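# Understanding the architecture of this molecule
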Amino acid sequence: MNQVLQELATILEQRKEESADKSYVASLYAKGLDSILKKIGEEATETVMAAKDGNKEKIVYETADLWFHSMVMLAHQGLGPDDVLRELQRRFGLSGLEEKASRGK
Ligand SMILES: N=c1c2ncn([C@@H]3O[C@H](COP(=O)(O)OP(=O)(O)OP(=O)(O)O)[C@@H](O)[C@H]3O)c2ncn1[C@@H]1O[C@H](COP(=O)(O)O)[C@@H](O)[C@H]1O
């Protein structure tokens, strides 16, 4: 799995033991699932607006916010990035893309 995602996932697990006034992630857990989902909705909207503007720097920044809050949601639900990557890898295999990529097509 991607090392950055793995390291972030480890921090997100550790934040489950942290107090809400010391950590943004712990404060999101304390507010509960609906607040985490609200942040995902906001960040998704900001990502869409950045893409419509065509500002590459802003697109990357907002997508990072969206991925980050999605990872907080996964951690809250007892999941992690490896679960999503496994699903993407499964689809990759199913579509035959893996074989085509290895043949350079
Ligand atoms: N990657 C991130 C990250 N990306 C975005 N954010 C926060 O997500 C929020 C984004 O919300 P907005 O863009 O709406 O900005 P805002 O108006 O300040 O936010 P709100 O007041 O509306 O909640 C900001 O407060 C950012 O600081 C993040 N906060 C933390 N991390 C990672 O999570 C780790 C743990 O963070 P803490 O729990 O704060 O220690 C850190 O080490 C970082 O690696």
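Quick note: structure is the one above.
Reference entry: report on the structure contained in this document. As a convention, each chain's residues are numbered from 1 in the sequence order in which they are written. Given that the model is predicted, a residue must reach a pLDDT of at least 70 before its local features are reported, and side-chain atom pairs must reach 80 or more before they are shown or counted; all residues, however, enter totals for whole chains, interfaces and linings. Calculated side-chain values reflect all of the structure's heavy atoms, with hydrogen atoms and water omitted.

Moving on, we get to the overall build of the chain. The helix and strand inventory of the chain stands at six helices and zero strands. Starting at the N terminus, the α and β elements of the chain follow one another as α-α-α-α-α-α. A simple rule labels every residue: compare its accessible area, found with a 1.4 Å probe on the protein chains alone, to the largest value its type can have, and call it buried under 20%, exposed over 50%, or partly exposed in between. Scored against the burial criterion, the 105 residues of the chain give a buried share of 24%. Note on contacts: a residue pair qualifies if any of its non-hydrogen atoms lie within 4.5 Å across the two residues. In the chain, the share of contacts with a sequence separation of at least 24, taken over all contacts with a separation of at least 6, comes to 54%. As displayed, the chain offers around 7500 Å² of accessible surface, 56% of which is attributable to carbon and sulfur atoms. Put simply, DSSP H or I for four residues or longer makes a helix, DSSP E for two residues or longer makes a strand, and each gets a number counted from the N terminus. Note that accessible areas follow from Shrake-Rupley with a 1.4 Å probe, and for residues the cover is restricted to the protein chains shown.

For the rest of this paragraph, the subject is the nonpolar core. What is meant by a nonpolar core is a set of buried Ala, Val, Leu, Ile, Met, Phe, Trp, Tyr and Cys residues, joined one to another through side-chain atoms within 4.5 Å. Core analysis: the largest hydrophobic core is formed by eleven residues, namely Leu5, Ala9, Leu12, Val25, Leu28, Tyr29, Ile36, Phe68, Met71, Val72 and Ala75. Setting aside chain neighbours within four positions, we find Ala9 in contact with Met71 and Pro81.

This part is about the side chain of Ser23. Summarising the element assignment, Ser23 is placed in the loop between α1 (3–14) and α2 (24–31). Look past the residues within four positions of Ser23 in its chain and what remains in contact with it is Arg15 and Glu18.

Looking now at the site of the ligand. For this purpose, a residue is taken to be near a molecule or strand whenever a single non-hydrogen atom of the residue falls within 4 Å of it. Around the ligand, the neighbouring residues are Leu8, Ile11, Arg15, Ser23, Tyr24, Val25, Lys39, Glu43, Asp65, Phe68 and His69. Definition of a polar contact: a pair of N or O atoms within 3.5 Å, with one able to donate and the other able to accept a hydrogen when the atoms are protein atoms, and with sequence-neighbouring residues admitted only if both atoms are side-chain atoms. The separation between an oxygen atom of the ligand and a polar side-chain atom of Arg15 is 2.9 Å. Within the contact set of the ligand, an oxygen atom lies 2.7 Å away from a side-chain nitrogen or oxygen of Lys39. The protein chains hide 51% of the 820 Å² of surface that the ligand would expose on its own.

Remember, this is a structural readout, not a statement about activity or role.
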